[in-house]
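# Architecture and fold: a report
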Number of protein chains: 2
Amino acid sequence: MNIAVLGLGLIGGSLLRALSAAGHAVLGFDADPATRATARTAAALAPAGRRWQIAGSVKDAVATADLAVLAVPLPAVAGVLGELGGFRGLLTDVTSVKGPVRDLVGGRRFVGGHPMAGKETSGFGAADPALFEGAAWVLCLEEETATADWLTLAALVTGLGARAVPATAADHDRAVATVSHVPHLLATALAAAAAGEPLAATLGAGSFRDGTRVAATRPELVAAMCGGNAGAVGPALDEVIRSLTEARARLAEADPVTALQPWLHDGNAARLAWPPRAGEQRDLPARADVLRRLGRAGGWVTAVSADHRTITAVLPAD
Amino acid sequence: MNIAVLGLGLIGGSLLRALSAAGHAVLGFDADPATRATARTAAALAPAGRRWQIAGSVKDAVATADLAVLAVPLPAVAGVLGELGGFRGLLTDVTSVKGPVRDLVGGRRFVGGHPMAGKETSGFGAADPALFEGAAWVLCLEEETATADWLTLAALVTGLGARAVPATAADHDRAVATVSHVPHLLATALAAAAAGEPLAATLGAGSFRDGTRVAATRPELVAAMCGGNAGAVGPALDEVIRSLTEARARLAEADPVTALQPWLHDGNAARLAWPPRAGEQRDLPARADVLRRLGRAGGWVTAVSADHRTITAVLPAD
């Protein structure tokens with residue numbers, strides 16, 4: 001497939017490398033000339049047959065593309081859409097919030113996407129073609145989505161080793177508010193609590209290291225992703241604040257050790273059951289209703305048949 | 001040195017192994033007969049010259065000891081203290097809260113201790129002699145502490161590769177509330193938020209994995225450590241809730257992306273500066289006032305001279 005990757009940060013750069021390695025003809029573009037130069041130099045160093053090319057504009061990048069991937073942060077999506085000109089191929093994106101992108105894209109041939117992969121480092125220099133192996137990759141399946149387009153993208157991302165997860169934009173945005181956006185806010189609040197306390201910083205060990213890791217993410221990226229999903233992050237954060245306030249009340253009881261125990265139970269049980277283990281693998285008809293049920297149950301697609309008539313589906317084990 | 005290790009869970013078991021490997025004569029005890037049997041079998045499998053022995057009672061374990069280490073959770077400390085009989089050697093402990101232990105110990109020859117090392121697994125089976133390498137190990141230095149006893153323990157734990165950190169019990173308890181106890185509560189609240197949401201569980205990736213890791217810790221241990229330090233954990237949790245509530249208000253503004261950015265700054269800067277890097281190493285006189293200043297500044301001791309007159313001290317780099 002001829003693929004344009006628009007935006008060459010961590011995700012776009014990793015995608016450029018992974019798609020090239022998988023045998024696709026890839027043309028990349030980044031608005032930053034220095035990033036384009038770095039990506040051109042990196043291409044020259046890549047093994048023959050796995051080299052991408054870098055275009056000088058969005059228009060040039062998409063001119064011969066079957067598929068264009070918007071790999072820019074949410075605030076830049078509208079601008080890139082405006083530069084697509086007469087592009088009539090399939091469009092997808094990789095931003096961490098799906099409702100607002102869906103609204104921006106309007107009537108184009110579009111399947112929203114979100115690979116659940118990242119690092120606390122960013123930029124083309126951190127790009128890694130193995131970034132998507134084993135990762136969940138949400139592909140949005142709305143009422144208006146063409147199932148054939150969904151399957152084209154599912155075949156592509158499962159070919160990179162990712163697990164394709166069907167979900168609506170709304171369900172996606174609620175889920176990632178809990179498992180991705182709120183964790184960034186908790187990490188930031190925790191890291192800030194130790195600021196200016198030299199003894200605390202010295203005593204910080206595993207629980208502090210892991211609990212604050214994603215606070216190292218660039219604040220602009222965290223603001224874009226949490227603020228861009230504010231409608232879902234707000235209620236999810238309310239729930240965590242409510243839960244912590246309950247823990248706080250229990251700490252104030254006469255016997256806080258006994259009072260805390262039942263509060264700890266649900267989170268402990270949920271963490272011990274996480275990540276969901278893969279259950280039985282089944283070949284199912286590649287129909288929208290089948291995909292919707294699979295996604296709601298926490299399942300994913302590991303392969304699409306060559307004729308796109310069946311999917312290989314996995315449900316979480318009980 | 002003849003050392004008794006009382007309690008053979010993760011920390012006690014690791015200490016038994018590490019002290020034996022360092023050439024000390026170690027006698028262990030655990031109230032659970034099955035754990036004693038496991039520890040005896042493990043000793044038989046250890047290399048010659050690195051074998052510990054297991055006593056049948058606290059009294060037998062401490063009979064010939066120069067040092068006894070209380071390696072039981074806080075709720076069990078009082079019981080073990082009552083079984084020490086006429087023991088007149090030096091006493092230390094490894095519990096994660098220091099004020100309450102200090103109160104329980106009363107007039108004994110005691111230096112409170114806390115190695116900042118752990119895992120989400122527990123029990124003798126998870127014991128690891130390398131657990132303390134590079135870890136900060138708080139040794140309490142109160143007004144009434146004999147500096148000679150403090151130095152004896154500092155020599156011992158730095159011999160296991162740990163960094164000895166002088167602090168008062170009160171300063172320790174405030175610091176660990178922030179960097180250890182509150183992180184366990186945040187991890188638990190976050191894990192609970194994803195419970196019963198199959199799509200969210202499937203989409204959980206790095207930020208969820210790390211943000212919830214310590215929620216896998218046994219709830220009894222978390223309750224004992226947070227509840228046992230409730231006086232310091234409460235205010236530290238209040239501060240985090242206050243900070244999250246501010247983030248929540250910013251999410252509700254007209255432009256949440258812009259509104260969140262300044263809120264993210266402090267936590268991001270603090271995390272990028274953490275962990276503190278070791279600055280210059282200096283040999284200093286082994287005096288209580290020198291140690292107190294060192295600990296307050298976030299520094300630590302890496303070695304004690306053979307005559308216990310000087311310490312090798314490290315301050316964090318700027």
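Residues numbered from 1 in each chain as written. Chains lettered and ligands numbered in written order. Predicted model: local features only at pLDDT ≥ 70, side-chain atom pairs only at ≥ 80, totals over all residues. Heavy atoms only, no water.

### Digging into empty space enclosed by the protein
A probe as big as a water molecule, rolled over the atoms, marks out the empty space that is left. Inspection of every chain in the model, using the stated rule, returns 4 cavities of 30 Å³ or more. Approximately 130 Å³ is the volume found for the largest cavity. Lining the largest cavity are 18 residues, and of these A187, D210 and G211 of chain A together with D210 and G211 of chain B sit closest to its centre. Of all the secondary-structure elements, those providing two or more residues to the lining of the largest cavity are α7 (169-193) and α9 (206-212) of chain A together with α7 (169-193) and α9 (206-212) of chain B. Across the lining of the largest cavity, the residue classes tally to 10 nonpolar, 4 polar and 4 charged. (1 Å grid on protein atoms, 1.4 Å probe; cavity = no way out; pocket = protein on both sides within 12 Å on 5 of 7 lines; lining within 4 Å. Points joined across faces, edges and corners; volume = space filled by probe spheres on them. Helix = DSSP H or I, 4+ residues; strand = E, 2+ residues; numbered from the N terminus. Nonpolar A, V, L, I, M, F, W, Y, C, P; charged D, E, K, R; others polar.)

### What to know about helix α2 (residues 33-45) of chain A
Residues that lie three or four places apart on an α-helix share one face, since the helix turns once every 3.6 residues. All names here are of chain A. Along its 13 residues, α2 runs 19 Å from first to last C-alpha, staying within 8% of the 18 Å computed at 1.5 Å per residue. Three or more residues of α2 are buried, namely T35, R36, A39, A42 and A43. The arc enclosing the buried residues of α2, seen along the axis, measures out at 125°, which places them on a common side. Of the residues in α2, the exposed ones pointing more than 90 degrees away from the buried face are P33, A44 and L45. Tucked inside the fold, the buried residues of α2 contact α1 (10-21), β2 (25-29) and β3 (53-54). (Expected span 1.5 Å × (residues − 1). Buried < 20%, exposed > 50% of the residue type's maximum accessible area, 1.4 Å probe, protein only. Arc of directions from axis to C-beta. Contact = heavy atoms within 4.5 Å.)

### Regarding the pattern of salt bridges
Residues and elements named next belong to chain A. For the coordinates displayed, the defined rule picks out 26 salt bridges over all chains. In this structure, R209 and D210 form a salt bridge, with 3.1 Å as the shortest nitrogen-oxygen distance. Its relative accessible area of 12% is what places D210 among the buried residues. Here the residues in one salt-bridge network are E239, R242, E246 and R250, joined through shared partners. (Salt bridge = Lys/Arg side-chain N within 4 Å of Asp/Glu carboxyl O.)

### Some details on the interface of chain B and chain A
The partner chain A presents 87 residues to the 87 residues of chain B that form the contact. The largest per-residue losses of area from chain B upon contact with chain A belong to L203, R271 and W274 of chain B, which jointly make up 10% of the total buried on that side. Applying the counting criterion to the chain B and chain A interface returns 4 salt bridges. Among the salt bridges present, the one from R213 of chain B reaches D210 of chain A, with a minimum N-O distance of 2.3 Å. Linking chain B with chain A are 24 residue pairs in polar contact (both at pLDDT 80 or more), by the criterion used here. Take the side of chain B that touches chain A: its biggest share by element is 18 residues, from α7 of chain B. Taken together, the residues of the side of chain B that touches chain A break down into 54 nonpolar, 22 polar and 11 charged. (Buried area = accessible area lost by both parts, 1.4 Å probe. Polar contact = N/O pair within 3.5 Å; in protein donor to acceptor, adjacent residues only side chain to side chain.)

### Overview of the domain arrangement of chain A
All names here are of chain A. We note that the domain assignment places domain 1 (2-170 + 281-316) and domain 2 (172-272) within chain A. Each of domain 1 and domain 2 has a C-alpha centre, and these two points are 30 Å apart. Taken together, the 16 residues of domain 1 in the interface contact 14 residues of domain 2. The contact between domain 1 and domain 2 buries some 1,200 Å² in all, and 56% of this surface belongs to carbon and sulfur atoms. For the pair domain 1 and domain 2, the interface holds 0 salt bridges. Between domain 1 and domain 2 we count 9 residue pairs in polar contact (both at pLDDT 80 or more) in total. For the side of domain 1 that touches domain 2, the secondary structure elements donating two or more residues are α4 (74-82), α5 (99-105) and α7. Residues of the side of domain 1 that touches domain 2, tallied by class, amount to 9 nonpolar, 5 polar and 2 charged. (Domains from an automatic or database assignment.)

### Looking at the sheet that holds β3 of chain A
Here 6 strands make up an open sheet; going across it, the order is β3-β2-β1-β4-β5-β6 (chain A) and the pairing parallel. Single-partner strands in this sheet number two, and they are β3 and β6 (110-111) of chain A. (Pairing = 2+ DSSP bridges.)

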